[in-house]
Structure formats: structure tokens, C-alpha cells
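If you want the building blocks of each chain, they are given just below.
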Amino acid sequence: MARYQIRNVTFTFPEQEEPALHGISLDITEGEFVLLCGSTGSGKTTFIRHLKREIWPEGKRTGSFLYDGCPLEELPPQRAASEIGMVFQDPEAQIVMGTVEQELAFGLENLGFPPAVIQRRMAEMVSFLGMEGWLRQSVHELSGGQKQLLNLASVLLLRPKVLLLDEPTAQLDPIAAKEFLQVLHRLNEEMSITVVIAEHRLEELFPYASRVCLFHRGTVKYAGPARQVIADVWASGDKAARTFLPAVSRMALAWPDRQAEAIPLTVKEGKMWMARVEGERGAGRDAGESSQPSPVDDAPSSGKLRIRGRSSADAIMLKCRSVFFQYEKDSPFLLHGCSFEVRKGELMALMGGNGAGKSTLLRVLSSLLKPQRGAVELDGKPLSKWKEKERIARIGYLAQNPLLYFNRDTVRELLDERLSRLDLSEAEQKRRLEEMVTLFELEPILNHHPYDISGGQQQKTALALVLLADPELLLLDEPTKGLDPYQKEKLAELLGKWLQGSRSILMVSHDVEFAARYATRSAMLFNGSVIGPEETSSFFQQNYFYTTVVQRVAAERWPSLVTEEDVINRWQAFAKGST
Amino acid sequence: MEKKNKWPGGFYSLHPAISFIYFVVVFGAAVMLKHPLYLLTVLAVAIAIAVLQDGGRGLVRPLPFYLLMALIIFISNPLLTSRGRTILFYFRDLPVTLEAIAYGAIFAVSLLAVLIGFIGYNSIITPNRFLYLFARLAPRTVLVITVAMRFVPLLKRRIMEIIRVQKSQGYFLYKKKKWLQAKEAMETMHTLVSWSLEEALQTGMSMRSRGYGLGKRSSAVVYRMERRDWQMLVWLAVTGLLTLIGAALGYGRYSVYPKLMLPDLSYLTVLHYACFAGFLLAPIVMDIREVMRWRAIRSGM
């Protein structure tokens, strides 16, 4: 039975000419796992919001949505609320109540269920999701992953038949995200709940998806089972669309003679595929080669991508010496003897789970929080010895949420206001403004309200605000959050352009793929101190979970290859060598 | 957060409606009574409840402040009024009477009883229980209060975050120019409001998508009236009613003015006091019995 029948839907936001959705027709049957992918602004979110009537966006809409054969508009409200569940992107903003227990009960209370039913459903759900330990906690004590699980649980308590999710793992660390997606997979398999999910984290989702829809400018450009979509996209030669495919599949597709029906999706399949190809190509010869990869072969691609300034090697920009930090007297130490250094001219990536203290560390480094013990030195001089104005000018700090930076009505006013605080000559102000506007391509949005532009543009605007001061050290907190693969590439390009001379960047991120491709050195924050830092490729070689999918596939053969480009180059060299 | 009680069968475990009624009577008595013996009983009971609930931890910190307030009232009353017949001495031509001093003492005890009573009240009628009690009267209002209660710490954290970002952008550097600081603080508020509105839009969507506003809300939390609750209710009702009837007939009343005298100790007055004490002491007896029981169980283990 079809859950949704969507016929020829076109939707236009008010005061816009270009429709956000254009002629979309789609049938979703019961028990399907539908993955929506595509760049930001391609209409995924708009589409997913149309599947639930309560959150239809304002605008002009044509076409029809049938749910179980009944037009969505005519569905009884009680049924609509309980059968179609929705989880949003921001874990914090969708929570209504103060404690976990209250939040779980919220939906059921709204629908007027008697207390006995609420208690029983809660009991079941809490043990299914393993939430017993934090049932009585207040919401703000939870980590991001826990919050998102809570949001899922409070929707599941209404016993939905369809689950809609809009980038639910965008703000979670890789391990928490995997856990979350596994719960979804389980629900889909065990309860036959129909899942429709829009995501950027595609590596994990392609194997689960029974159908993949690739959105492009408000239309569904490719749709079908995962392998078919991959083959179609690859065959079409569409460069932008290719970035949405799982890296394992892309790696296999780069192999000269490929078979479409056996495209690997998971690490396991990737390994099997590799073994098979190798077997076909004469295992005897490459056994010797694979055990000792020549460093010359994989050097060019890593070198090309890695962002690196041109500074005398090993000059130190920032030094952190056994820093201890706790927020309150009785709270645990988030930073516990944390020591490391950032060199001049490098992009250093710092990973770690949700709540490991990454953001806190950045705040300490930018002197927004004072450590209880230990010292931070910038350019060999302790932060406390710098003049406040000078220190602020030298350290640029970009917080996670760009909205924190917006206190004017247009982007132009924001930039002007920032410049006016910098004690610069008029000519210099003008020069810097122009530089930023061209670097970040802000020209078209200069007169827009910062709340009206897309997430990627907001991120760029905030970054431009920080960089206007021309800092030497840039501290970035999750800069790739919510960006699609294309935007990430753009961001890397921008950072690469900016990172010249002796400037340095320290970035904290969950984004393993981004760090593996672009960081000069990488490290991990665990248990309050920094482990590492090491050259990125050797860092990721040693990791088991915090590493790229490609590395997990290729680790046994070529341990030094961590990015997709590395492996693809290696492949090609290997193919040439064997033919 | 709902607190965990050390003694699962004590006063805290009663139906919140009963505890609430009890506290209403205690506060009423503390404010209205003027009889020193009755008042001292109320004070003693208030202290006992506070101590039994959390071992007196909640009492220790505010106590010096409470005592100071009581002391000020105790001293200032005789200085402000000169009512009463027994003049003890003159303070700057002002007669200081024994009655005024006694009244000040009674007033101070009454104040202390209310203040300390609230410590016990707060640990027994937690905000959640209070909301539960009134959820049926005004369900919407209660929900709004619950949501608002989450917002207070949330907005505080958001303000801190915005201020940090502003500091990193070179705000709040003018140490001497207060008006410039005030201007920048306004911008903090501006950012806070627009950010919070943006988040509130999402919260609103999440509420609607979970069926908010579709009909009458129910409540997940239930407190059932158990046998203990009924027993307690009957006891409180009987002793309470007898006390009220007695009070209406004039027992337990006392006035220091015009002349300080010993309260009467007639047979019926003692009986009335016994009823009153029976009412007040019920939860304490409950708690102490509970403590003893658990001590016995634990030492037997």
C-alpha cells in the first residue's frame, strides 16, 4: 500500500519567482527507507516539510499529496500528528520542556492520552533506546547525540507510521551519528516504519536506503535504488552530483573497467571488491607492491589538497601548556593538562566526540575563558601579557553558530560596523572590505538581512566578519557544519587562499573527511587533553573509527592513503602498472 | 529535576495536594497566631521539617540572614511603638514598654516560622508538583509556565555565548565609557532576541508537529491517593477542624496589649493546643518513624 502519492507538486515561496519545488511526483510505499540528497537549497527541506501538513511552509502550491489515499489537507489532525513524525536538524531548538521525562510525555499529553498509557509507552521506549540513565536529567545536561535521540524518542512515542528527518545528524559527532542512524535502520527493519530522511552524511545511509532521490534545483534529478542512482550519476558525468555518492563507490567507479551491478556501498563490500579486482589482475605481483607502497606515488595528490602556508618550518604560533579548565568549582575538569602547539602556516584539525570540550578549548585559546591553571602563549608571549586590543586583532574566533554575529539589518552594515572597530585608515578599510567581498562572493547578498540568506552564506558572512580584522591565528568551531560537499570544497578553497605566509588555522570538527583531505596536522581531544598532533595521513592511519571510509577500505593494502584522491591515484597507477 | 528522597515512605511521598493544604495551614497559623506557645510550636515544626528533608543543608546558608531580619524586627518594634502599660525605661524620651518588646519577639518568631517554613515547602512542593496541582485548573497557563521555566537558564546561557563572541570581535573594550558599554549591551540583547525568535520558530514547528493545541491536554504524572494519604487526610481534617472550631470560640488567642500576662492554662485550652500540635506534628511523626524504620532495616542487613 502506498503511504504517499505525490503528484506533480510545484511550490513557490512568497515574493520569489523561481519555484523551490518543481513538478515533483513520487510514490513512497510502506516500509521504504527514502534518502533525499542534494546540495543545500536544492529543495530537500522544503520537500520534506511538505510531507507533514502542520509544518507546510507559506507559499503558492499546486499538485496533490495523498497520504494513504487521503489528501493530506483532509487527514484528521489527531491522526496526522501521531502517524507522521518529524525530527528536525537542530537538536536543541525542537525541545519544548525542561526535563527528559516531561519532553517524552509532551506529544502524548497533547493528544490527551491517559496517564497509564503514557507511562507504559514511555517505559517501553526508554528501554528500547537505552535512555534509563538520563530519564530524570534536565535537558541542557544532555550531549547533542542524546538530545537528538530524545527528539526521536518523543516522536516515536506517538507510534508514527512515517518518520521524516531533516538532517538529523548534522550536529553530531561521527560515532553519535552512526548510533542514531542505526536506530533508524532498526526501526525501519523491525517495525516497518517508513523513513524519509534528508542528509549530507551519505556514507552510512546509502546502504540502508531502499531508494535514493537526488535533488537539484527543486526537481528530483535522479531517483531509484541506491546502486542504480550511483550508476546513473556516474554515467551522466555530472560533476556536482558525483560529490553526493559514497566515497567507496566513487573509488570503485574510478577503476577503468567497472561493472555497474556490483558497485560497493559499504566498507565490507569495498574490501571484497578490491580483493576481487586484485585477484583478476594477478595477485602475485601486487602482493609485493602493496606491502610497501612507494611514497612517491601518493605524494602528489595529498600535497595538492593539503592546505599549507609558506612559512619556515616548525615556527610556533600558539602554544598551550598544561591547561586545566572547569566551568564551575564542582564541575569536572573539561581540560585536564592539555598541552599542544599550532605551527605557523598550518591548518590543524582537532577532533573529538560531542562534549569532549573542543569548543571550550577554543574559547580558552582565544582568551574568552580563563584557564584555572596553565598558560597559552601566542607568538611566544603569554596571552595575558598581550594588550587586549592587539590580542583581539591577532586571534580570530569563529563560533559554531553564525547567528551570534548578526546584530545589524544587512550584511553590508555588519561588515561596516566591524571595520569601524578596527582603527584603520579609510583607504585600508575600503581595501579590506573589497578583499573580503570578492573572496567570499558576498556582492549579491550585501543588502540582504543576514537571517534571510542560506546557511552556507551565513557561515561565509560570519567568517568574513572575523577575517576583516586580518588575524594571524584563526580558530574555527565546526566550520563545515551543515555544508554540502560542494560548499565544503569552496570553504577549503577559501581557507587555502587565506592561509598565506605565517598565518595559521586551528579547526575543531567532527568532519573526518574534511580534516583528512585538507588539514596539515590532526589531533584528537580526549579526556581533557590533546592526543597527537601528527601529520594528517599518519594520524588517520592509526585510527579505527575516527578515520575516512576510504582509509578503512584500503588500510590493509595501502595504509598511507587516507583520502579518496590518494586511493584513486593509486588505483590508476596500479591499473597502468598491471595492464 | 525531581529529587530523590532518602526515605521513600516519609512526608515527601504523600499526595502533593495534602502536603499543599498542610503548608497553607502552617503559613496561615504562623501569620495569624499571636500566642507564644502556639507560635513557638509552629517555628519548631518548620525547623524540624526543613532538617528532616535534607539534613538542614538548605537551612544553614540563609539562617544568619533570617536571624538578622528577626533581630531587626525584635529591636525596632519597641522603638517604634510605645503601647503597653509596663514602662521599663526611657530611650531618648521614648518610653520602652515590656509589651512592645514582647510583641516584637512574637512578631520575630512569626517571621522566622514563615521563612523557615518556606525552606521545607520548597523541598516538598517542588515546582513540578505545584504545576501538577494546578494543571487541571489552568492547563495552558501551566504549560506556558513550564516552558518559560526552561527559558530562564537557556537565555542566560545564550547571553553568555553572545557576549563571548562580541568580546572576540572587540566589543566591551571601553572600560571608562559607561554609555558605550550600555550601547553594546543593547546590541547583545538585539542579537539575543533575533536569535531566540529564530529558534522559537523551530520550537513552534516541533510543538505543532507533535499535536500541540489539538485538544485537551492530559498529564503524564499521576499521584494516586493511597491508604496512607486517606489516613493522613482524615487525621489532618479532624485535628484541623477541632483547632479551627476552638479558635472560633476564642481558644488559643492571646494579646500582649494592653498588659503582658500569662496565657490562661485552662483544661480546654490545653486540649485545644493538643489538637493544634497533633495537626502540626503529623508529618514529623511520619518522617521520624520512617527514619527509624530504615535505620532498623539497614542495621539488620
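Residues numbered from 1 in each chain as written. Chains lettered and ligands numbered in written order. Predicted model: local features only at pLDDT ≥ 70, side-chain atom pairs only at ≥ 80, totals over all residues.

Chain B is annotated in an unreviewed UniProt entry as Energy-coupling factor transporter transmembrane protein EcfT of Paenibacillus roseus.

Inclusion rule: UniProt positions are given in the numbering used here, feature names are shortened, and annotations may be inferred rather than shown by experiment.
Looking at an unreviewed UniProt entry, chain A carries the name ATP-binding cassette domain-containing protein, with the source organism given as Paenibacillus roseus. Taken from UniProt, the Sequence similarities (unreviewed entry) comment for chain A reads in full: "Belongs to the ABC transporter superfamily."

### Describing the overall build of chain A
Worth spelling out the cut-off: Secondary structure follows DSSP: runs of H or I at least 4 residues long count as helices, runs of E at least 2 residues long count as strands, and numbering of each begins at the N terminus. Both definitions apply: the radius of gyration is a C-alpha atom measure, and the globule rule equals 2.2 Å times residues to the power 0.38. Working definition of burial: number of other C-beta atoms within 10 Å of the residue's own, with buried at 20 or more, exposed at 12 or fewer, and partly exposed in between, all C-beta atoms being placed from the backbone.
In terms of regular secondary structure, chain A is built from 23 helices and 20 strands. What you see for chain A is a C-alpha radius of gyration of 25 Å, in line with the 25 Å of a compact globule of 579 residues. Going through the 579 residues of chain A one by one, you find that 51% of them count as buried.

### Section: the UniProt feature "transmembrane region" (unreviewed entry) in chain B
Residue and element names in this part refer to chain B. UniProt's entry tags residues 12-30, 37-53, 59-80, 101-124, 130-152, 233-253 and 265-285 with the feature "transmembrane region" (unreviewed entry), counted in the numbering of this structure. Its end C-alpha atoms 26 Å apart, residues 233-253 is made of 81% helix and 0% strand. The span residues 265-285 shows a helical share of 90% and a strand share of 0%, and its end C-alpha atoms are spaced 26 Å apart.

### Remarks on the packing of helix 5 (residues 144-156) of chain A against helix 6 (residues 174-191) of chain A
Packed helices, taken two at a time, are described by the angle their axes make and the gap between the axes. Residues and elements named next belong to chain A. Convention followed: Interaxial angles span 0 to 180 degrees and are taken between N-to-C directions of axes, which are lines fitted to C-alpha atoms, for helices over the stretch in contact. Each angle is binned into one of four classes, with values under 35 degrees roughly parallel, values over 145 roughly antiparallel, values of 65 to 115 roughly perpendicular, and all other values oblique. By the definition used in this description, the sense in which the near helix is turned from the far one sets the handedness, with an anticlockwise turn below a right angle giving left-handed and a clockwise turn giving right-handed. Two residues qualify as a contact pair if the distance between their C-beta atoms, derived from the backbone, is within 7 Å. Gly is placed with the polar residues, together with every amino acid not listed as nonpolar (Ala, Val, Leu, Ile, Met, Phe, Trp, Tyr, Cys and Pro) or charged (Asp, Glu, Lys and Arg).
At their nearest, the axes of helix 5 and helix 6 sit 9 Å apart, and the two run at 15 degrees to each other. With respect to their mutual orientation, helix 5 and helix 6 come out roughly parallel. Between helix 5 and helix 6 the crossing geometry is right-handed. Of the residues in helix 6, those touching helix 5 at Gly 144, Gly 145, Gln 148, Leu 149 and Leu 152 are Ala 176, Glu 179, Phe 180 and Val 183. Taken together, the residues of the contact of helix 5 with helix 6 break down into five nonpolar, three polar and one charged.

### What to know about the interface of chain B and chain A
In this complex, chain B contributes 41 residues to the contact, which on the side of chain A involves 53 residues. Elements with a minimum of two residues in the side of chain B that touches chain A: helix 7 (139-168) and helix 8 (178-209) of chain B. At 14 residues, the largest contribution of residues to the side of chain B that touches chain A is made by helix 8 of chain B. The class makeup of the residues in the side of chain B that touches chain A is 14 nonpolar, 15 polar and twelve charged.

### Section: unusual backbone geometry
All names here are of chain A. For Asn 8, which is not glycine, the phi dihedral falls at a positive 50 degrees. Tracing the sequence through the fold places Asn 8 in strand 1 (residues 2-12). Among the residues examined, Asn 8 registers 11 C-beta atoms within 10 Å and is labelled exposed. Positive phi values are uncommon outside glycine, yet Arg 217 reaches one of about 45 degrees.

### Observations concerning the sheet that holds strand 12 (residues 335-343) of chain A
Residue and element names in this part refer to chain A. Applied cut-off: Strands are treated as partners if at least two bridges between them are detected by DSSP.
The strand order across the open sheet built from four strands is 12-11-14-15, with neighbouring strands paired in antiparallel fashion. Looking at which strands have only one partner, the edges of the open sheet turn out to be strand 12 and strand 15 (381-382). In this structure, strand 14 (residues 373-378) lies alongside strand 15, joined through two bridges in antiparallel fashion. Opposite Leu 378, over in strand 15, you have Lys 381 as the bridge partner.

### Comments concerning the pairing of strand 19 (residues 521-526) of chain A
Residue and element names in this part refer to chain A. Along strand 19, five of the six residues are buried, which leaves the element largely enclosed by surrounding structure. Across five bridges, strand 19 lies against strand 20 (residues 529-535) in antiparallel orientation. The partner of Ser 522 across the bridge, within strand 20, is Glu 534. Between strand 19 and the antiparallel strand that follows it, strand 20, lie two residues; Asn 527 among them carries a positive phi value of about 55 degrees.

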